[in-house]
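# A structural walkthrough
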Amino acid sequence: MTTYAALLRGINVGGAKKVPMADLRALLTGLGHTGVRTYLQSGQAVFGAERSDEESLAAQLSRAIEGRFGFPVDVLVREHAYLKSVAEACPFPAADLAPKQLHVTYFSAPVTAERYAEIDRTAHLPEEFRLGDRCLYLYAPDGLGRSKLAEALARTRLTKGLIATSRNWNTVRKLVELTAPPA
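Throughout what follows, the structure given in this document is the object of discussion. None of these values were measured; they are calculated from a predicted model.

### Looking at the packing of helix 1 (residues 21-30) against helix 2 (residues 54-69)
Packing of helix 1 against helix 2 brings their axes to within 11 Å, and their N-to-C directions diverge by 125°. In this view, helix 1 runs oblique relative to helix 2, as classed from their interaxial angle. For helix 1 against helix 2, the interelement crossing comes out right-handed. Residues Asp23, Leu24, Leu27 and Leu28 of helix 1 form the contact with helix 2, whose participating residues are Leu61, Ala64, Ile65, Arg68 and Phe69. Grouping the constituent residues of the contact of helix 1 with helix 2 by class yields 7 nonpolar, no polar and 2 charged.

Set out below in structure tokens:
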């Protein structure tokens, strides 16, 4: 049994795409997953599954959500080792920053620096970003809501062909904790 985190993109934001967490837990349980838990209202669920194919699990959950709620939702599924490696590889001093200053955007596929070559990094200082393993780390000292760099990074042409969903550092750490194997 492997424990996974499901990251749902764009639900329960501004009154759109409402997915109650109790309903999401029931949906995952109905799909045969075990130990189902949710974290916050913004689209994180943790569950156990025998399968080890993240893409199949994500596609299954995405189809089930659309069938149950009537709208499509992009879903990424990641297992503990990956989530832990992303947290450990953070290129910014996470321990010295407020969690609202540091974010990770998880991608459905690897990304290269060429994808973001048009971003003038010096124009956005002190904000910075760095690429990782199917992720992007963003340091936004004034928070995500005020970040001009986050706005530039989210341009549709830069994320074309990808599922991309961002989490703040508190959520990144919590997902590592929630997916950890029992001691």
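And the narrative resumes.
### Some details on the packing of helix 3 (residues 80-88) against helix 6 (residues 169-179)
In contact at an axis separation of 9 Å, helix 3 and helix 6 are set at 145° when each is read in the N-to-C sense. For the element pair helix 3 and helix 6, the recorded crossing hand is left-handed. Contacts between helix 3 and helix 6 involve His80, Leu83, Lys84 and Ala87 from the former and Trp169, Val172, Leu175, Val176 and Thr179 from the latter. Split by residue class, the contact of helix 3 with helix 6 holds 6 nonpolar, 2 polar and 1 charged.

### Examining the sheet that holds strand 5 (residues 102-107)
Taken together, the 4 strands give an open sheet; going across it, the order is 6-7-5-8, and neighbouring strands pair in antiparallel fashion. Edge positions in the sheet fall to strand 6 (128-132) and strand 8 (164-168), since each has one partner strand and no second. Averaged over all pairs of adjacent strands, the angle between their axes in this sheet comes to 20°, without regard to strand direction. The pairing of strand 5 with strand 7 (residues 135-139) spans 5 bridges and is antiparallel.

### Some thoughts on the state of the cysteines
Following the criterion strictly, the structure yields 0 disulfides and no others. Not engaged in a disulfide, the cysteine Cys90 finds its nearest cysteine sulfur in Cys135; these two sulfurs lie 8.8 Å apart. Taking the relative accessible area as the measure of exposure, Cys90 reaches 14% and is therefore buried. On the basis of relative accessible area, Cys135 is assigned to the buried category, the value being 0%.

### Some thoughts on helix 2
Within an α-helix, residues lying three or four positions from one another point in the same direction, as the helix has 3.6 residues per turn. With 16 residues, helix 2 ought to run about 22 Å at 1.5 Å a step, and its terminal C-alpha atoms sit 22 Å apart, in line with that. Of all the residues in helix 2, the buried ones are Glu54, Leu57, Ala58, Gln60, Leu61, Ser62, Ala64, Ile65 and Phe69. In this structure, the buried residues of helix 2 make contact with strand 1 (2-8), helix 1, strand 3 (44-49) and strand 4 (75-79). The distance from a side-chain oxygen at the start of helix 2 to the backbone nitrogen of Glu55 is 3.2 Å, and the residue carrying that oxygen is Asp53.

### Regarding the pattern of salt bridges
Pairing is possible between side chains that carry opposite charge, provided their charged atoms lie close to one another. Evaluation of the coordinates by the stated rule reveals 9 salt bridges. Between Asp23 and Arg68 there is a salt bridge, and its shortest N-O distance comes to 3.2 Å. Here Asp23 is found in helix 1, whereas its partner Arg68 is found in helix 2, with 45 residues between them in sequence. In this structure, Arg155 and Glu118 form a salt bridge, with 3.4 Å as the shortest nitrogen-oxygen distance. Placement of the pair is Arg155 in the loop between helix 4 (148-153) and helix 5 (156-159) and Glu118 in the loop between strand 5 and strand 6, with a sequence separation of 37 residues. Residue classification places Glu118 among the partly exposed residues on the basis of a relative accessible area of 42%. Through salt bridges with shared partners, a single network forms among Glu54, Arg78, Asp133 and Arg134.

Rules used throughout
- Residues numbered from 1 in each chain as written.
- Predicted model: local features only at pLDDT ≥ 70, side-chain atom pairs only at ≥ 80, totals over all residues.
- Heavy atoms only, no water.
- Axes fitted to C-alpha atoms, helices over the stretch in contact; angles between N-to-C directions.
- Helix = DSSP H or I, 4+ residues; strand = E, 2+ residues; numbered from the N terminus.
- Parallel < 35°, antiparallel > 145°, perpendicular 65-115°, else oblique.
- Left-handed = near helix turned anticlockwise from the far one by under 90°.
- Contact = heavy atoms within 4.5 Å.
- Nonpolar A, V, L, I, M, F, W, Y, C, P; charged D, E, K, R; others polar.
- Pairing = 2+ DSSP bridges.
- Disulfide = S-S within 2.5 Å.
- Buried < 20%, exposed > 50% of the residue type's maximum accessible area, 1.4 Å probe, protein only.
- Expected span 1.5 Å × (residues − 1).
- Polar contact = N/O pair within 3.5 Å; in protein donor to acceptor, adjacent residues only side chain to side chain.
- Salt bridge = Lys/Arg side-chain N within 4 Å of Asp/Glu carboxyl O.

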